[in-house]
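Descriptive structure summary
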Amino acid sequence: MNVVIIGLGYVGLPLAQEAARAGLNVTGLDVRQATVDGLNRGRSHVDDLADADIAAMLALGFRATTDLADCQDPDVIVICVPTPLSESDGPDLTAVRAAAQTAGNLLKQGTTVILESTTYPGTTDEVVRPLLEKASGLTAGIDFSLAFSPERIDPGNAVYGIRNTPKVVGGVTPACTEAAASFYAHVCDTVVRAKSAREAEMAKLLENTYRHVNIALVNEMAIFCHELGVDLWDAIRCASSKPFGFQAFYPGPGVGGHCIPIDPNYLSYKVRAELSYPFRFVELAQEINNRMPGYVVDRAAEILNNHAKPLNGARVLLLGVTYKKDIADQRESPARPIARKLLQRGAVLSYHDPHVAHWQVDGRDIPRAQAPTAEADLTILLQAHTSYDLPGIAARARLLFDTRGMLSGDSVYRL
Ligand SMILES: NC(=O)c1ccc[n+]([C@@H]2O[C@H](COP(=O)([O-])OP(=O)(O)OC[C@H]3O[C@@H](n4cnc5c(N)ncnc54)[C@H](O)[C@@H]3O)[C@@H](O)[C@H]2O)c1
């Protein structure tokens, strides 16, 4: 089976790895020459794959390319390109459109085309399908198959990968669902069939909106629990003992990454554009989660003030600037707005992160501390990377603001 994967990033590359391991003939197509050259030389640019994994893929016949001529005769084409937000907060489908055009030029009678990029319900049918049909002169559901399958990759997750995470698949016709499901049966243990592409698209947005809303719930509670003198983390621990009907979510300095802060917007965009009313839960969650970096900075100022120290001129050390622990990805990390606000208020900033060698905020280099225990008036724990000796950090810090609720001690203040 010839498989072409368009877009070799956090999503496309692990899929290419699993497909190559399954014995499929995999070609990766990307527009970035540097990415392609690096991969063909055995270098990984994503957190979850090591250079040794790329070497193993190359040994199994995987090749990366920027050239369509290297992708002839595809049985399956999977589109894994980015879907960022546009200036107006709607989805920016430029890369999806370009990749659909490419897929349309490559596909032949019998090819299965699958979109994995996260987007609003209707994209596969309304945006991708016409582009494929126009470029190929063929008809979806008759000459070729077309489906959506949401990506569920969780960077840094050592337990769940492509193979053991159930894969939802929805085609534009039932036969398209079956064609896509038969491809995924090679790379995943469990395939879940959706009624159509729209339900599969919605399933992904439901998953991420659910997280977004529940994180906002505990973030809002964290703010008033602080004022009420209630330890929310302890309340969550107690609530978690209920064996049914409760799932724990934890407050933090804000939401980051490529999914949680972005994907629910696709849904609210679609609801507003098509139905002219707001998706209020998403908009409220957005507002609360977006306010968290500012709240962290206000609390930092309050902690310093309680020790007769103004934020202006205070040495503040940020620990962990990536969007989640144990990975290097900084996309949409709340560390950036926090740093920006601290700098605006006159703090003398430094950072430490085992995964980030250089860090810039608005083009300004932030000095990197030698160690997480470096001297500072206030240390703010933003990301509790596994390699951090947290009790050691708590013991050494003059004042520690723990936005993850993991530490305790005389000099420790929790979010
Ligand atoms: N990263 C995650 O954890 C994650 C999880 C679930 C879903 N997703 C979704 O998956 C999609 C891809 O995300 P990602 O994190 O892999 O992005 P990424 O930025 O890591 O990788 C995308 C790759 O696509 C390439 N590309 C862009 N336009 C192209 C084109 N026209 N033709 C060929 N290649 C092109 C880029 O050069 C890049 O290498 C997005 O829709 C995202 O929302 C991501």
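Quick caveat, the model's predicted, so the values are computed rather than measured.

1. Points about the packing of aromatic side chains
The final tally for this structure, using the stated rule, is 4 aromatic pairs. Measuring from ring centre to ring centre gives 5.5 Å for Tyr-351 and Trp-359, while their planes differ by 55 degrees; the resulting arrangement is tilted. Given a relative accessible area of 2%, Trp-359 falls into the buried group. Over the face of the ring belonging to Tyr-184 we find Lys-167, whose NZ or CZ atom lies 4.8 Å from the ring centre.

2. A word on the state of the cysteines
Applying the stated criterion across every chain, the model contains 0 disulfides. Cys-176 carries a free sulfur, and the closest cysteine sulfur to it, the one in Cys-80, is 18 Å from it. The structure places no disulfide on Cys-259, whose sulfur is separated from the nearest cysteine sulfur, that of Cys-80, by 13 Å. Overall, the relative accessible area of 27% leaves Cys-259 in the partly exposed class.

3. Some thoughts on the site of the ligand
Near the ligand, the surroundings consist of 26 residues, among which Tyr-10, Val-11, Asp-30, Thr-83 and Thr-118 are the closest. Within the contact set of the ligand, an oxygen atom lies 3.1 Å away from a backbone nitrogen or oxygen of Tyr-10. The contact in question runs from an oxygen atom of the ligand to an N or O atom on the side chain of Asp-30, over 2.6 Å. Contact with the protein chains covers 90% of the free accessible surface of the ligand, which is 830 Å². In terms of residues, the shell around the ligand owes the most to one element, helix H4 (residues 94–106), which gives 3 residues.

4. Regarding the pairing of strand E1 (residues 2–6)
Residues in a regular strand point their side chains to alternate faces of the sheet. A large share of E1 lies buried, amounting to 4 of its 5 residues. As paired elements, E1 and strand E2 (residues 25–29) share 5 bridges and run parallel to each other. Within E2, the residue paired with Ile-6 across the bridge is Leu-29. Crossover handedness for the path E1 to helix H1 (residues 12–21) to E2: right-handed. Pairing of E1 with strand E4 (residues 76–79) involves 4 bridges; the strand directions are parallel. Within E4, the position partnered with Val-3 by the bridge is Val-76.

5. Regarding helix H8 (residues 232–239)
Residues Leu-232, Trp-233 and Ile-236 constitute the buried set of H8. Buried residues along H8 cover an arc of 100 degrees about the axis, so they all sit on one side. The inward-facing, buried residues of H8 contact helix H7 (197–228) and strand E15 (412–414). The N-capping residue of H8, defined by a side-chain oxygen 3.0 Å from the backbone nitrogen of Trp-233, is Asp-231.

6. A word on H4
Helical geometry: 3.6 residues make up each α-helical turn, so side chains three or four residues apart lie on a common side. The first and last C-alpha atoms of H4 sit 19 Å apart over 13 residues, in line with the 18 Å expected at 1.5 Å per residue. Restricting attention to buried positions, one finds in H4 the residues Val-96, Ala-99, Ala-100, Thr-102, Ala-103, Gly-104 and Leu-106.

7. Brief notes about the sheet that holds E2
Pairing within the open sheet is mixed, and its 8 strands lie in the order E3-E2-E1-E4-E5-E6-E7-E8. Lying at the two open borders of the sheet, with one neighbouring strand each, are strand E3 (63–65) and strand E8 (191–193). Pairwise comparison of adjacent strand axes, ignoring direction, gives a mean angle of 25 degrees for this sheet. As judged from the 2 bridges shared by strand E6 (residues 145–148) and strand E7 (residues 167–171), these two strands associate in the antiparallel manner. Note that in E7 the partner of Phe-148 across the bridge is Gly-170. On the sheet, helix H6 (residues 174–187) packs against E1, E4, strand E5 (112–115), E6, E7 and E8 and is oriented at approximately 150 degrees with respect to E7.

8. Some words on the pattern of salt bridges
It is possible for side chains of opposite charge to pair when their charged atoms get near one another. Going through the model one piece at a time under the given rule, you end up with 26 salt bridges. A salt bridge links Asp-125 to Arg-129; the nearest nitrogen and oxygen atoms lie 2.8 Å apart. Placement of the pair is Asp-125 and Arg-129 together in helix H5 (residues 123–136), with a separation of 4 residues, close to one helical turn. A relative accessible area of 27% places Asp-125 in the partly exposed class. For Glu-375, the salt bridge goes to Arg-398, with nearest N and O atoms at 2.4 Å. Of the two residues, Glu-375 is situated in the loop between strand E12 (364–366) and strand E13 (378–381) and Arg-398 in the loop between helix H12 (390–396) and strand E14 (400–402); the sequence distance between them amounts to 23 residues. For Arg-398, a relative accessible area of 47% puts it in the partly exposed group. Several salt bridges converge on common partners, so that one network encompasses Asp-125, Glu-126, Arg-129, Glu-133, Arg-198, Lys-270 and Glu-274.

Analysis parameters
- Residues numbered from 1 in each chain as written.
- Predicted model: local features only at pLDDT ≥ 70, side-chain atom pairs only at ≥ 80, totals over all residues.
- Heavy atoms only, no water.
- Phe/Tyr/Trp six-rings, centres within 6.5 Å; stacked < 30°, edge-to-face > 60°.
- Buried < 20%, exposed > 50% of the residue type's maximum accessible area, 1.4 Å probe, protein only.
- Lys NZ or Arg CZ within 6 Å of the ring centre and 35° of its normal.
- Disulfide = S-S within 2.5 Å.
- Near = heavy atom within 4 Å.
- Polar contact = N/O pair within 3.5 Å; in protein donor to acceptor, adjacent residues only side chain to side chain.
- Areas by Shrake-Rupley, 256 points an atom, 1.4 Å probe, with all protein chains shown as cover.
- Helix = DSSP H or I, 4+ residues; strand = E, 2+ residues; numbered from the N terminus.
- Pairing = 2+ DSSP bridges.
- Right-handed = clockwise from strand over helix to strand, strands pointing away.
- Arc of directions from axis to C-beta.
- Contact = heavy atoms within 4.5 Å.
- Expected span 1.5 Å × (residues − 1).
- Axes fitted to C-alpha atoms, helices over the stretch in contact; angles between N-to-C directions.
- Salt bridge = Lys/Arg side-chain N within 4 Å of Asp/Glu carboxyl O.

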